[in-house]
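This is what each chain is made of:
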Amino acid sequence: MDMNELTQPNTESLKVICERIQKEAQAEVTFLKQKADHGAQKILTDAKNEAEQKKNDLILCLEEEQQKIRERVFSTLNLEKKKIVLQEKEALADKVLAELKNVAAAFRQTREYTTFLQSAINEGARVINTQEVTVVYSPLDEKIMNDNFKNKGKYKLLKGDFNDLGVIVQSVDGRLLFDNRLAARLKRKYDEIYSQLIAEAF
């Protein structure tokens, strides 16, 4: 038998095997490439989606922060506006009280001042709420007090050391006291007015 005849089939078999291996390898390469492309595309898509989500979250965060800033600004402006209005009202109240003090001296010379003193004494006596009270008065009102109140019997008169209009009413033992001088009355009125101004402003 010829040796060529023996080797020919083997050569053809090797060729077929090589072609098959080559095809399988090519198919494997194609599969791996497709898989890699698909994976890369998924990575890109996920990265894009994540970036978009982060962008949206950032925009939302910025919008919320801007809203908070706007609210703080408006709150501050509103508070400043209320402060300005309150300051204007305070200035007006101070002006009125200052004017009252300016006319106090002239008021002492009027007949209405005696009525004012009587009212101040009666109010103090009601607050003290005792059988007898001591009325402390200004030396500037000594003549008025002696002429109009000395013999009334309801209270004891005591000359004080102040020049303000009005009187201080106290219990005989000195434990209870009601300051009903003009300055104290204005202070109480000022506190009342100021509380009203605060309530109206805020």
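Residues numbered from 1 in each chain as written. Predicted model: local features only at pLDDT ≥ 70, side-chain atom pairs only at ≥ 80, totals over all residues. Heavy atoms only, no water.

S.K.: Describe the overall build of the chain, and please don't skip the residues or the numbers.
M.R.: Scanning the chain from N- to C-terminus turns up five helices and four strands. Each helix and strand of the chain, ordered N terminal to C terminal, gives the series α-α-α-β-α-β-β-β-α. Partitioning the contacts of the chain with sequence separation of at least 6, the portion at a separation of at least 24 is 61%. In the structure as shown, the chain presents an accessible area of about 15,500 Å², 56% of it carried by carbon and sulfur atoms. (Helix = DSSP H or I, 4+ residues; strand = E, 2+ residues; numbered from the N terminus. Contact = heavy atoms within 4.5 Å. Areas by Shrake-Rupley, 256 points an atom, 1.4 Å probe, with all protein chains shown as cover.)

S.K.: Please provide a residue-by-residue account of helix 3 (residues 112-128), values included.
M.R.: Along its 17 residues, helix 3 runs 24 Å from first to last C-alpha, staying within 8% of the 24 Å computed at 1.5 Å per residue. Residues of helix 3 that are buried: Tyr113, Phe116, Leu117, Ala120, Ile121, Gly124 and Ile128. Burial along helix 3 is one-sided: seen end-on, the buried residues are contained in an arc of 135°. Residues of helix 3 that are exposed and angled more than 90 degrees away from the buried face: Glu112, Thr115 and Arg126. In the segment just after helix 3, Asn129 is the residue with positive phi, at about 60°. (Expected span 1.5 Å × (residues − 1). Buried < 20%, exposed > 50% of the residue type's maximum accessible area, 1.4 Å probe, protein only. Arc of directions from axis to C-beta.)

S.K.: I'd like a rundown of the packing of aromatic side chains, residues and numbers included.
M.R.: Inspection of the entire model under this criterion finds three aromatic pairs. Measuring from centroid to centroid gives 5.5 Å for Phe107 and Tyr113, while their planes differ by 85°, and the two rings are edge-to-face. The class for Phe107 is partly exposed, based on a relative accessible area of 27%. Their ring planes at 75° and their centres at 5.6 Å tell us that Phe107 and Phe116 sit as a pair that is edge-to-face. (Phe/Tyr/Trp six-rings, centres within 6.5 Å; stacked < 30°, edge-to-face > 60°.)

S.K.: Could you give me a rundown of the pattern of salt bridges, with the residues and numbers involved?
M.R.: Scanning all chains against the criterion turns up eight salt bridges. Close ionic contact of Asp141 with Arg108 constitutes a salt bridge, the shortest N to O distance being 2.7 Å. Remark: Arg108 occurs in the loop between helix 2 (104-107) and helix 3 and Asp141 occurs in the loop between strand 1 (133-137) and helix 4 (142-149); sequence separation between them is 33 residues. For the pair Asp141 and Arg108, a shared accessibility class is recorded, and that class is buried. One salt bridge in this structure joins Asp179 and Arg181, with 2.8 Å as the shortest N-O distance. The partly exposed category is assigned to Arg181, whose relative accessible area is 22%. (Salt bridge = Lys/Arg side-chain N within 4 Å of Asp/Glu carboxyl O.)

S.K.: How would you explain unusual backbone geometry if you had to name every residue and give the values?
M.R.: Positioned with a positive phi, Asn129 is a non-glycine residue whose angle comes to about 60°. Position of Asn129 relative to the elements: it lies in the loop between helix 3 and strand 1. With a relative accessible area of 64%, Asn129 lands in the exposed category.

S.K.: Describe the pairing of strand 1, naming the residues involved and giving the relevant values.
M.R.: Every other side chain in a regular strand lies on the same face of the sheet, so the side chains alternate between the two faces. Counted residue by residue, strand 1 has five buried out of five residues, so it is predominantly covered. Here strand 1 shows two buried faces, one formed by Val133, Val135 and Tyr137 and the other by Thr134 and Val136. Note: strand 1 against strand 2 (residues 155-159), five bridges, orientation parallel. By the bridge assignment, Thr134 is partnered in strand 2 with Lys156. Across five bridges, the pairing between strand 1 and strand 3 (residues 166-171) is antiparallel. (Pairing = 2+ DSSP bridges.)

S.K.: Hey, could you go over the pairing of strand 3 for me, with residue numbers and the actual values?
M.R.: With six of six residues buried, strand 3 lies mostly within the body of the structure. Of the two faces of strand 3, the one lined by Gly166, Ile168 and Gln170 and the one lined by Val167, Val169 and Ser171 are each fully buried. Summarising the sheet, strand 3 and strand 4 (residues 177-181) pair through five bridges and their orientation is antiparallel. Within strand 4, the residue paired with Gly166 across the bridge is Arg181. Linkage of strand 3 to strand 4, two consecutive antiparallel strands, is achieved through a turn of five residues, within which Gly174 is found at a positive phi near 80°.

S.K.: Pulling in residues and values, what's your account of the sheet that holds strand 4?
M.R.: The four strands lie next to each other as 2-1-3-4, forming an open sheet whose pairing is mixed. At either end of the open sheet lies a strand with only one pairing partner, and these are strand 2 and strand 4. Strand after strand, the sheet turns through a mean of 20° between neighbouring axes, direction not considered. Against the sheet, helix 3 engages strand 1, strand 2, strand 3 and strand 4, with an angle of about 25° to strand 3. Helix 4 contacts strand 1 and strand 2 of the sheet and is inclined by roughly 165° relative to strand 2. (Axes fitted to C-alpha atoms, helices over the stretch in contact; angles between N-to-C directions.)

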